[in-house]
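Read off the chains here:
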Amino acid sequence: MKKISLNTQILFGVLAGITLGLAFSGLGEESAVAQTGLYIAGLVGALFIDLLKMVLIPLVFTSIAVGVANLRAHRQMHAVWKATLGFFVFSMVLAIALGLTAANLFRPGEGLQFAMFQDAMQGFDAKRMSLPEFFAHFLHSLFQNPFSALARGDILAVVVFALLLGIALVVGGERYSNIIVLLRELLELVLMLVDWIMRLAPLGIMALLLQLVATQDTALLATLIKFIAVVVGTTLLHGAVVLTLIVYLVTGMTPLKFWRGAREALVTAFATSSSSATLPITLRCAEQHLHVKRDIAGFVIPLGATLNMDGTALYEAAAALFVANLAGIELNLMQQMIVFLTAMLGAMGAPGIPSAGMVTMVMVLQSVGLPAEAVAILLPLDRLLDGFRTAVNVEGDMVGSLVVQKWVGSERVNR
Ligand code: ASP
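Residues numbered from 1 in each chain as written. Predicted model: local features only at pLDDT ≥ 70, side-chain atom pairs only at ≥ 80, totals over all residues. Heavy atoms only, no water.

**Student:** When you look at the site of the ligand in this model, what are you seeing that I'm missing?
**Tutor:** In the vicinity of the ligand lie 15 residues, with Ser275, Thr312, Gly357, Asp386 and Arg389 positioned nearest. Ser273 places a main-chain nitrogen or oxygen 3.0 Å from a nitrogen atom of the ligand. Side-chain polar atom of Asn393 to an oxygen atom of the ligand: 2.9 Å apart, as the coordinates give it. For the ligand, whose unbound accessible area comes to 270 Å², protein coverage reaches 100%. Put simply, the parts of the chain that give the shell around the ligand at least two residues each are helix 17 (356-367) and helix 19 (382-414). Looking at the shell around the ligand, the element that brings in the most residues is helix 19, giving four residues. Taken together, the residues of the shell around the ligand break down into four nonpolar, nine polar and two charged. (Near = heavy atom within 4 Å. Polar contact = N/O pair within 3.5 Å; in protein donor to acceptor, adjacent residues only side chain to side chain. Areas by Shrake-Rupley, 256 points an atom, 1.4 Å probe, with all protein chains shown as cover. Helix = DSSP H or I, 4+ residues; strand = E, 2+ residues; numbered from the N terminus. Nonpolar A, V, L, I, M, F, W, Y, C, P; charged D, E, K, R; others polar.)

**Student:** What am I meant to see in the pattern of salt bridges here?
**Tutor:** Pairing of side chains with opposite charge becomes possible as their charged atoms draw close. If you walk through the whole model with that rule in mind, you get eight salt bridges. Measuring nitrogen to oxygen at the nearest pair gives 2.7 Å for the salt bridge that ties Asp195 to Arg284. With Asp195 in helix 8 (residues 177-198) and Arg284 in helix 13 (residues 275-289), this pair connects stretches of sequence that are 89 residues apart. Residue Asp195 is classed as partly exposed on the basis of its relative accessible area of 26%. Here Arg284 falls in the buried class, since its relative accessible area comes to 12%. Linked through salt bridges whose partners overlap, the residues forming this network are Arg107, Glu110 and Glu330. (Salt bridge = Lys/Arg side-chain N within 4 Å of Asp/Glu carboxyl O. Buried < 20%, exposed > 50% of the residue type's maximum accessible area, 1.4 Å probe, protein only.)

**Student:** I would appreciate a short explanation of helix 14 (residues 294-307) in the present structure.
**Tutor:** Residues separated by three or four positions in an α-helix point in the same direction, a consequence of the helix having 3.6 residues per turn. Between its terminal C-alpha atoms helix 14 stretches 19 Å, which fits the 20 Å expected from 14 residues at 1.5 Å a residue. Burial within helix 14 is extensive, with 13 of its 14 residues counted as buried. (Expected span 1.5 Å × (residues − 1).)

**Student:** Looking at this model, I keep getting lost on the confidence of the model for the protein chain. Mind explaining?
**Tutor:** Detailed reading of predicted coordinates is not advised where the pLDDT is low. Here the protein chain averages 90 in pLDDT, while 94% of its residues score no lower than 70. For the protein chain, the element scoring lowest by mean pLDDT is helix 4 (residues 118-122), at 68; helix 11 (residues 225-251) scores highest, at 97. (pLDDT = per-residue confidence, 0-100.)

**Student:** Can you walk me through the packing of helix 3 (residues 77-106) against helix 14 in this structure?
**Tutor:** Two packed helices can be described by the angle between their axes and the distance between those axes. For the pair helix 3 and helix 14, the least separation of the axes is 11 Å and the interaxial angle reads 35°. The handedness of the crossing between helix 3 and helix 14 comes out as right-handed. Taken together, the residues of helix 14 that come into contact with helix 3 (itself represented by Met77, Val80, Trp81, Thr84, Phe88 and Met92) are Ile296, Phe299, Val300, Leu303, Gly304 and Leu307. Class assignment of the residues belonging to the contact of helix 3 with helix 14 gives a composition of ten nonpolar, two polar and no charged. (Axes fitted to C-alpha atoms, helices over the stretch in contact; angles between N-to-C directions. Left-handed = near helix turned anticlockwise from the far one by under 90°. Contact = heavy atoms within 4.5 Å.)

**Student:** Explanation requested: the nonpolar core in the structure shown.
**Tutor:** Most often, soluble globular proteins keep nonpolar side chains buried together rather than apart. Counting 135 residues, the largest nonpolar core has Phe227, Phe258, Phe299 and Met398 as its most contacted members. It is helix 2 (residues 32-73) that provides the largest number of residues to this core, a total of 15 residues. Ignoring sequence-local partners within four residues, the contact set of Met398 consists of Phe258, Ala262, Ala265, Leu266, Thr282, Cys285, Leu290 and Ile301. One finds Phe24, Ala34, Ala207 and Leu210 within the second-largest nonpolar core, a separate group that totals six residues. (Core = buried A, V, L, I, M, F, W, Y, C linked by side-chain atoms within 4.5 Å.)

**Student:** Before we go on, may I ask you to explain the environment of Leu164 in this structure?
**Tutor:** The residue Leu164 is located in helix 7 (residues 155-172) in this model. Each C-alpha atom, one on Leu164 and one on Ala65, is 8.0 Å from the other, the two residues being 99 residues apart in sequence.

**Student:** It is not clear to me how the packing of aromatic side chains should be interpreted in this structure. Could you clarify?
**Tutor:** The description of two aromatic rings rests on the distance between their centres and on the angle between their planes. For the structure on display, the rule yields five aromatic pairs. Considering the side-chain rings of Trp81 and Phe299, the 5.6 Å spacing of their centres and the 85° angle between planes classify their relative orientation as edge-to-face. Here Trp81, found in helix 3, pairs with Phe299, found in helix 14; they are 218 residues apart in sequence, far enough to count as distant. Looking at Phe299, the relative accessible area reads 0%, which means it is buried. (Phe/Tyr/Trp six-rings, centres within 6.5 Å; stacked < 30°, edge-to-face > 60°.)

**Student:** Please clarify how the environment of Val392 should be interpreted in this entry.
**Tutor:** Structurally, the position occupied by Val392 is in helix 19. Given a relative accessible area of 4%, Val392 falls into the buried group. With 80 residues separating them in the primary sequence, Val392 and Thr312 have C-alpha atoms 8.5 Å apart. Not counting residues within four places of it along the chain, the set of residues in contact with Val392 comprises Thr235, His238, Gly239, Leu243, Asp310 and Gly311.

**Student:** I keep staring at a nonpolar patch on the surface and nothing clicks. Help me out?
**Tutor:** A grouping of Ile4, Leu11, Phe12 and Leu15 is seen on the molecular surface, where their side chains present a nonpolar patch of about 400 Å² in accessible area. Position of Phe12 relative to the elements: it lies in helix 1 (residues 6-27). (Patch = residues over 30% accessible without salt bridge, like charges linked within 9 Å, V, L, I, M, F, W, Y side chains within 5 Å.)

**Student:** Could you clarify how one ought to interpret unusual backbone geometry in this entry?
**Tutor:** Note: most residues except glycine have negative phi, and most peptide bonds are trans. Even without a glycine there, the phi angle at His291 is positive, about 60°. Examined against the element boundaries, His291 turns out to sit in the loop between helix 13 and helix 14.

Here is the structure:
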């Protein structure tokens, strides 16, 4: 019998997850069948995420250290740095501009009564952090004891330590070649584990989607439908048109080919709502399907998973305008520029975990004097919206690795 490809299995997983989710939500909360089904789905989904998280830290650590060591060996480090950070900022600027434009055009939240949400907001105590505090906190989180960062799974601190170690390994030269070989082999072993975990992806994705569909608060979705439509529409526009256009213009790769290569990561990102948990799969897609060299992908993708978040940036900007409309406050151009900047910082500072953007959203709201408690209105929607923005966050990382590879490659030819 012909083996069914992993992609087809994932597609079946998606369809089965959605269908069963709808069926369970139709049965109602009291039904024993639905309760048991949801319990099993919860367990399977969580185990799939656990497995991904299990390989995440060793993977990030080895892939960055090895990536940097190899880049320096090719004297490309400088170009890759510039291209990577430049691309991250560029794509997030586009995303925020899109989010702000759509929110200004469609004005979601207008006509709704702020008082309607008073109950939800009352019980919510937003953790406030001013912009300078947030900035200091962000800088502080970069440099941590590597052992505690590795143990806590604090990706940004692990990335920074691995970067520095990678540079030190090259500056040290021949003397440390054994360690480089050791790290390289460790990386290969971890990637082998990722391949094994991927075989469970169809099941894990089915379980996660089942839960997502079965536990949605449909009444609230209906009330905020306009806001949801604006956010989802613009996020998809950025993901499906802007990012793929960039890939096409820079590398000549057609959108279809890009999606075919990227889809495992996109579906997993949607199902898990976590760029970090998806990272092992993103890396695999970039290397194996999109043919980005390991040195480049191993550097751009882990860094992007915590810094480059187009979907989150777009969301934070659009949601701030939504809250302003809801509260009947008109934000002027200057205030919208502040939203622009804080949304960018908020997206960069948000770790790649579910609903992280909601936490940094508080800062965006505060920066222009909007009520931070309004986050409570957005939270019940977040499981759904987070799926879309995480998929676009992860897509942006893969696009970044393709663009950087092209850019650095051509620079080498020009030299
Ligand atoms: N869940 C998103 C991510 O992991 C972050 C966010 O909440 O926007 O990429």
